[in-house]
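# Structural overview for review
Single-letter residue listing:
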Amino acid sequence: MNQFIIKVAIFIAVILIILVISYVSSVRAEKKWREANRDIYIPNLRDREYRSSIYNQVTSEYRPIVRQIYDNVDQISGMMNTYNRKLDEQTIRIADEILNKARDSERKIGQRWETNRAKLDFYYYINLHYASFMLADQLYQELKNLREYEHQLTIMINKEQKKIDSLAHQIKSNNSPELKRKHQECCRKCDALRKTRKSCIEQKNLYAARVHEQNRITAKRRDYIGTHCGKRGKLWRKRILANHKRRRRTK
């Protein structure tokens, strides 16, 4: 009886060892596959690791071009983070500068895309796609900033308008020069805020259109890679679309 129990225990132990070895081998194989196909596997395009991994796969012929494209796009992030934003016309001018820089960056991406179309280098193209994606993401972040500026400006305008209404009511019973002066100051301030908000709304609309266009261009580039870069391109596009659907479900 004891020998039977020992044999059963040995058998179970062997099975467990086999399962552990199989699991470890599977994990190692999965890790190896991920490393070899990082451009396909990385689930989040906003992960800096993805950018590094695909950039490191670019051939020496294309690396200076890709680096220059990334530098142009990174400059936009620098502009967004460096400027000291205030709720005035300066913020609108900054937004205009960022939009012009984004247009210039897209123009350069488009030129590089067309210049080397005949060679259809997979890593070259997914790096340009990523630069296009980054550009759309930055434009969307600035669009959100403008929406918040508009909201804050509206709050300030409403606050000043209440002061104006209160002073106007007081002037009816006390027509003093001091009250009139304060009333005029509040009116000028409110007019300036309304002017800034109008400019902000105009910029917001420009950004909304630009974000839509940049997303369209980026999707077109994604589909081109999926169609023209063989099996790897198809797998890469499939992964990108799956990630996009997953993000939309979690929002």
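Residues numbered from 1 in each chain as written. Predicted model: local features only at pLDDT ≥ 70, side-chain atom pairs only at ≥ 80, totals over all residues. Heavy atoms only, no water.

### A look at the overall build of the protein
Put simply, the rule reads: Numbering of helices and strands starts at the N terminus; helices are DSSP runs of H or I of at least 4 residues and strands are runs of E of at least 2. The rule is simple: take the accessible area with a 1.4 Å probe, protein chains only, and divide by the maximum for that residue type; under 20% is buried, over 50% is exposed, in between is partly exposed. Contact criterion: two residues are considered in contact whenever any of their non-hydrogen atoms come within 4.5 Å of each other.
Assigned secondary structure in the protein consists of eight helices and zero strands. Going from the N terminus to the C terminus, the protein shows its helices and strands as α-α-α-α-α-α-α-α. Looking at the protein residue by residue over its 251 residues, the buried ones come to 37%. Across the protein, the fraction of contacts at a sequence separation of at least 24, relative to all contacts at a separation of at least 6, is 73%.

### Structural notes on the nonpolar core
Soluble globular proteins tend to bury their nonpolar side chains together. What counts is decided by this rule: The definition of a nonpolar core used throughout is a set of buried Ala, Val, Leu, Ile, Met, Phe, Trp, Tyr and Cys residues joined through side-chain atoms within 4.5 Å.
The biggest cluster of nonpolar side chains holds 53 residues, and the ones touching the most others in it are Tyr 70, Ile 126, Tyr 207 and Ile 225. Secondary structure elements with two or more residues in this core: helix 3 (48-56), helix 4 (63-82), helix 5 (89-115), helix 6 (122-173), helix 7 (177-228) and helix 8 (230-250). The biggest single contributor to this core is helix 6, with 20 residues. Discounting residues that sit within four places of it in the chain, Tyr 70 has contacts with Arg 51, Ile 54, Tyr 55, Asn 127, Tyr 130, Ala 131 and Met 134.

### What to know about a nonpolar patch on the surface
Going by this rule: Each patch is assembled from residues with relative accessible area greater than 30% and no salt bridge, linking like charges that lie within 9 Å and nonpolar side chains (Val, Leu, Ile, Met, Phe, Trp, Tyr) that lie within 5 Å. Per-residue and other accessible areas follow the Shrake-Rupley method at a 1.4 Å probe size, with only the shown protein chains counted as cover for residues. Salt bridge, as used here: a side-chain nitrogen of Lys or Arg that lies within 4 Å of a carboxyl oxygen of Asp or Glu.
Nonpolar side chains collect at one region of the surface, where Ile 12, Val 14, Ile 15, Leu 16, Ile 18 and Leu 19 lie side by side and expose about 520 Å² of accessible area between them. Looking at the secondary structure, you find Leu 19 in helix 1 (residues 2-36). Looking at Leu 19, the relative accessible area reads 53%, which means it is exposed.

### Details of the confidence of the model for the protein
Here is the rule we go by: pLDDT gives the predictor's per-residue confidence on a scale running from 0 to 100.
When pLDDT is averaged across the protein, the result is 86; 83% of the residues are at 70 or more. Mean pLDDT values for the elements of the protein range from 51 in helix 2 (residues 38-41) up to 95 in helix 7.

### Structural notes on the packing of aromatic side chains
For any pair of aromatic rings, the description consists of the separation of the ring centres together with the inter-plane angle of the planes. As a reminder, the rule being used: Only the six-membered ring of Trp is used, alongside the rings of Phe and Tyr, when aromatic pairs are assigned; centres must lie within 6.5 Å, and planes under 30 degrees apart are stacked while those over 60 apart are edge-to-face, with the rest tilted. Geometrically, a lysine NZ or arginine CZ counts as sitting over a ring once it is within 6 Å of the ring centre and also within 35 degrees of the ring normal.
Using the criterion set out here, one finds ten aromatic pairs in the structure. Residues Tyr 125 and Tyr 224 carry aromatic rings whose centres are separated by 6.1 Å and whose planes lie at 50 degrees to one another, so their mutual orientation is tilted. One end of the pair, Tyr 125, is in helix 6; the other, Tyr 224, is in helix 7, and 99 residues separate them in sequence. Like Tyr 224, Tyr 125 is buried. An angle of 25 degrees between the planes, with centres 6.1 Å apart, marks the rings of Tyr 130 and Phe 133 as stacked. With Tyr 130 and Phe 133 both in helix 6, this residue pair falls three residues apart, about one helical turn. The residues Tyr 130 and Phe 133 share a single accessibility class, namely buried. Connected via pairs of aromatic rings, a cluster forms that spans Tyr 50, Tyr 55, Tyr 70, Tyr 130 and Phe 133. Taking the ring centre of Tyr 55 as reference, the NZ or CZ of Arg 63 above it sits at 5.0 Å.

### Comments concerning the packing of helix 5 against helix 6
Rules: Working convention: axes come from line fits to C-alpha atoms, limited for helices to the stretch in contact. Angles between N-to-C directions cover 0 to 180 degrees. If an angle is under 35 degrees, it is roughly parallel; if it is over 145, roughly antiparallel; if it lies from 65 to 115, roughly perpendicular; otherwise it is oblique. Definitions for this section: a left-handed crossing has its near helix turned counterclockwise from the far helix by less than a right angle. A right-handed crossing has that turn clockwise.
Running from N to C, helix 5 and helix 6 cross one another at 165 degrees; their axes reach a closest spacing of 11 Å. Considered as vectors, helix 5 and helix 6 are oriented roughly antiparallel to each other. Remark: the crossing between helix 5 and helix 6 carries left-handed chirality. Where helix 5 abuts helix 6, its residues Thr 91, Ala 95, Ile 98, Leu 99, Ala 102, Ser 105, Glu 106, Ile 109, Arg 112 and Trp 113 lie against Tyr 124, Tyr 125, Leu 128, His 129, Ala 131, Ser 132, Leu 135, Leu 139, Glu 142, Leu 146 and Tyr 149.

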